[in-house]
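Chain residues, written in single-letter form:
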Amino acid sequence: MRDYAETIGFLGQWGRFQQIVFFSLVATIMPNGFGAFTLVFLTDTPSHHCLVSGINLTEDWRKSVIPIKEVDGKQELSRCSRYRLDVVRNLSAQGYIPGRDVNLTDLEEEGCVDGWSYSKDIYESTIVSEFDLVCTNQWKQPFTSTVFFVGGLLGSFLSGQLSDRYGRKPVLFAALALQTVFTFAQVFSGSWIMFLIILFINGLGQMSNFVAALVLGSEVLTGKVRVLYSSLGTCLGFAIGYMILPLLAYFLRDWKSLSLALSLPCVAYVPFWWLMPESPRWLLSRGRVEEAEAIIRTAAKWNKVQAPRIIFEDCGTEKMQTRSKEHYNVFDLLRQSSIRATTLILCFVLSTMIVGYYSLSFNTAQLHENPYISCFISAVVEIPAYISSWMALLYLPRRLSVILTLVFGAVPLYLIQLVPDDLSNLALALEMLGKYSITTGSSLMFAYTAELYPTVLRNTATGISNTVSRIGSCIAPLLLSLGMYYKYLPYIILGSLAVVAAFAALFLPESFKKPLPETIEQMQRRERMKCPCLTRNMTPVPMVPMDSSL
């Protein structure tokens, strides 16, 4: 069978059909930009202190009933304690004046037994103020984010399995439906537990949507358009959603209103079902030749070109029919040593990229005291990174690009600890340079991963590698918390991981200017450096020259 891209070459690369697929898929990825960082606003903790109401106190005692604590060198009202109200009430009734007649430090304190009063300077409400996730329940706030990312982790795993078995298109729209329904359902959460369950299911759709859209576009589009979509297209779709989020959050400062607003746009994707095709590559891998040809003939009509009488000449052979009946799963990624080595290295490199991306993204979100500005700045920085990724995918070998982004990401993170405290702008510039490099690497890794695996395993491999990399998003908040022990420890860990990952990337196969593999045998023939620790028992595979065209 001829190479797929060569077979459908008569369509061209950028006709009406490809344009509709390209922009439709980019649009479906925008909700991922909403969802990935919505928790920045939904789980933010407003300023708060113990609630004091319904008692008669003098003005002086009402101002003094909350103790003053020193936090990070600043004086502020205690968030989790107050002076005992029965004692304060008696002192107020007897006419004593706090600070003059009574030494406040001698008074006994109690917890916020009547609840909390939350500032509304920034937010009308968040789930923290809604469900009182403060003080003894403060652990629930970061745990909420972790549950969402665990949902994304499981979604990455399931989407790969389901998409390889049932098709790219059904899984993509099922994931969009999950996001829409359960983002809307969050509004009706009556408790933190209920919100947590709904958020977990919402997380299932997040990465499932992204993975299915990435693979579908990679298989439908060809040549430089495929590279453009896999790198710049998908990531710009994510970034646009990311940048829209703080704008919506600025005008909708109640968490329920924000959740409702983020769920409604997804309804607009319903007509896309009739615009978007199933992947012809996937249909061919399943032996459904007539359906694949029907899609290509429709594409030819849209592009106003003449399709040949028989498009996929060799797809009816016994070899193709046998292959179409074979079922592949996650264990096929580990069964053969060459594929196992590629999978393990990719998972490690991607995990390093993702933990770096989320750690630096959440950290740079604290650049400005206004969370809306912080979030917008963090989103805008990604635009040049995605453009750089696209240029690298066009003109540089994949393996070299990955190694360079990891090294250039590690160097500024190491240098931050050498910057004097009075040069905060320089430290900020180094951190943003680190994020730029890691974001560039993360972007091109999605395209690189899809290029390495054959059609029968591509979505499973993409889903598994994304699943493992989601562990990085789960541990990113914990990694940042290590800064309380040593300010620069998170930077040192991130930089060291990047260096190790750069070395591991040396042993990945190269896919630059090579056609997408259709079978496991074609994947095994690709040239690579041998990693002794992972390929000790690998049986040599004869090298067969491959077509160097895109």
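As shown above, the structure is provided for reference.
Cut-offs and rules
- Residues numbered from 1 in each chain as written.
- Predicted model: local features only at pLDDT ≥ 70, side-chain atom pairs only at ≥ 80, totals over all residues.
- Heavy atoms only, no water.
- Helix = DSSP H or I, 4+ residues; strand = E, 2+ residues; numbered from the N terminus.
- Expected span 1.5 Å × (residues − 1).
- Buried < 20%, exposed > 50% of the residue type's maximum accessible area, 1.4 Å probe, protein only.
- Phe/Tyr/Trp six-rings, centres within 6.5 Å; stacked < 30°, edge-to-face > 60°.
- Lys NZ or Arg CZ within 6 Å of the ring centre and 35° of its normal.
- Axes fitted to C-alpha atoms, helices over the stretch in contact; angles between N-to-C directions.
- Parallel < 35°, antiparallel > 145°, perpendicular 65-115°, else oblique.
- Left-handed = near helix turned anticlockwise from the far one by under 90°.
- Contact = heavy atoms within 4.5 Å.

1. Remarks on helix 8 (residues 168-185)
Under the 1.5 Å per step criterion, the end-to-end length of helix 8 is 26 Å for 18 residues, consistent within 8% with the ideal 26 Å. Those residues of helix 8 lying buried are Arg168, Lys169, Val171, Leu172, Phe173, Ala175, Leu176, Gln179, Thr180, Thr183 and Ala185.

2. Some remarks on the packing of aromatic side chains
In the structure shown here, the tally under the stated rule is 29 aromatic pairs. Between the aromatic rings of Tyr486 and Tyr488, the centroid separation amounts to 5.9 Å while the plane-to-plane angle is 70°, which identifies the pairing as edge-to-face. You can call Tyr488 buried: its relative accessible area is 13%. Three or more aromatic residues joined by ring pairs make a cluster, and in this case those are Phe37, Phe148, Phe149, Phe238, Tyr242, Tyr357 and Tyr358. Stacked on the ring of Trp302, the Lys or Arg Arg16 has its end atom at 5.8 Å from the ring centre.

3. Notes on unusual backbone geometry
Unusually for a residue other than glycine, Asp132 sits at a positive phi of about 55°. In this model, Lys304 sits at a positive phi of 60°, which is unusual for a non-glycine residue. Take Lys304: it is sitting in the loop between helix 14 (289-303) and helix 15 (318-325).

4. Quick word on the packing of helix 8 against helix 11 (residues 255-263)
At a closest axis distance of 8 Å, the pairing of helix 8 and helix 11 adopts a crossing angle of 160°. When the axes of helix 8 and helix 11 are compared, the pair comes out roughly antiparallel. Handedness of the helix 8/helix 11 crossing: left-handed. Residues Thr180, Thr183 and Phe184 of helix 8 touch helix 11, and the partners they reach there are Ser259, Leu260, Leu262 and Ser263.

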